[in-house]
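Working through the structure, step by step
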Amino acid sequence: MLPFPSPLAALYRLLIGWRCHPAADDAHAGRFRARQLQAIQRLTPMAMATNAANAVLVGWATWPTASHLFLLAWSGILWLIAGQGLWQWLQHRHRPPRESASARSIDRATWQAAALALVWAAMPIVLFPGSPPDAQLLVACVTTCMICAGGFVLATVPSAAL
């Protein structure tokens, strides 16, 4: 099935193989997937702006105590992902809504959500241990808020919301 070793194949099946598709024919399932993706696309500008703003907030608050190299790299990667998401939204916003979407488009949304989640997961792992209590509180609150916001935005696509 996949050219990956067994643990990676299991992870792939966990993230991508589990899909919540209606028990319908391909035409109905395609329309359902299109509606799932449209729900995410409506919130894309706000979600990307929130990612960028929170990166600035965390960088500003932890700059005195955290590794400057990590903060610059982390926020740069986050800004690139947010910029790419916003750029794609700008390119497609005037197009008429898609009538159908493939299962592959749901897979792509899941991988994009996982990439963004990994970038956000790196922040508390690196910043929390060496930060003073006020910065730890900020890191904990921002991390919790981003988890909740990501779950809200991606709620229509269960595999991406995980």
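Residues numbered from 1 in each chain as written. Predicted model: local features only at pLDDT ≥ 70, side-chain atom pairs only at ≥ 80, totals over all residues. Heavy atoms only, no water.

**Looking at the overall build of the protein chain**
- The secondary structure content of the protein chain amounts to six helices and zero strands.
- Helices (α) and strands (β) of the protein chain occur, in sequence order from the N terminus, as α-α-α-α-α-α.
- In the protein chain, which comprises 162 residues, the proportion classed as buried is 32%.
- Of the contacts formed within the protein chain by residues at least 6 apart in sequence, a portion of 76% connects residues at least 24 apart.
- Summed over all atoms, the accessible surface of the protein chain reaches about 10,100 Å², with 70% contributed by carbon and sulfur. (Helix = DSSP H or I, 4+ residues; strand = E, 2+ residues; numbered from the N terminus. Buried < 20%, exposed > 50% of the residue type's maximum accessible area, 1.4 Å probe, protein only. Contact = heavy atoms within 4.5 Å. Areas by Shrake-Rupley, 256 points an atom, 1.4 Å probe, with all protein chains shown as cover.)

**As for the nonpolar core**
- With 18 residues, the main nonpolar core has Val58, Trp74, Leu78, Trp120, Met123, Leu127 and Val142 as its most contacted residues.
- Counting residues per element, the ones that place at least two in this core are α2 (26-62), α3 (68-92), α4 (103-127) and α5 (133-153).
- Once residues within four sequence positions are removed from consideration, Leu127 is found in contact with Val58, Thr62, Ala66, Phe70, Leu71 and Val139.
- If you look at the next biggest cluster of nonpolar residues, it comprises 10 residues, including Leu37, Ala101, Ala109 and Val157. (Core = buried A, V, L, I, M, F, W, Y, C linked by side-chain atoms within 4.5 Å.)

**Comments concerning the packing of α2 against α5**
- Where α2 contacts α5, the two axes come as close as 11 Å, and the packing angle between them is 170°. The angle between α2 and α5 places the two elements in the roughly antiparallel class. Facing α2, whose interface residues are Ile40, Leu43, Thr50, Asn51, Asn54, Leu57, Val58, Ala61 and Thr62, α5 presents Ala135, Leu138, Val139, Val142, Met146, Phe152 and Val153. (Axes fitted to C-alpha atoms, helices over the stretch in contact; angles between N-to-C directions. Parallel < 35°, antiparallel > 145°, perpendicular 65-115°, else oblique.)

**Some remarks on the packing of aromatic side chains**
- Tallying each qualifying case throughout the model produces one aromatic pair.
- Aromatic side chains Trp74 and Trp120 sit 5.1 Å apart centroid to centroid with 85° between the ring planes, which places their arrangement in the edge-to-face category. One end of the pair, Trp74, is in helix α3; the other, Trp120, is in helix α4, and 46 residues separate them in sequence. Each member of the pair, Trp74 together with Trp120, is buried. (Phe/Tyr/Trp six-rings, centres within 6.5 Å; stacked < 30°, edge-to-face > 60°.)

**Brief notes about the confidence of the model for the protein chain**
- The predicted model of the protein chain averages 83 in pLDDT, with 83% of residues at 70 or higher.
- Helix α1 (residues 6-17) is the least confidently modelled element of the protein chain, averaging 62 in pLDDT, while α3 averages 92, the highest of any element.
- A low-confidence stretch, residues 19-23 (pLDDT under 50), is modelled with nine contacts involving residues beyond four sequence positions or located in other chains. (pLDDT = per-residue confidence, 0-100.)

**Some remarks on the packing of α3 against α4**
- It is the contact of α3 with α4, at a shortest axis distance of 11 Å, that shows an interaxial angle of 160°. Looking at the two axes, α3 sits roughly antiparallel to α4. Between α3 and α4 lies a crossing whose hand is left-handed. Only Gln112, Leu116, Val119, Trp120, Ala122, Met123, Val126 and Leu127 of α4 make contact with α3, whose side of the interface consists of Phe70, Leu71, Trp74, Ile77, Leu78, Ile81 and Gln88. (Left-handed = near helix turned anticlockwise from the far one by under 90°.)

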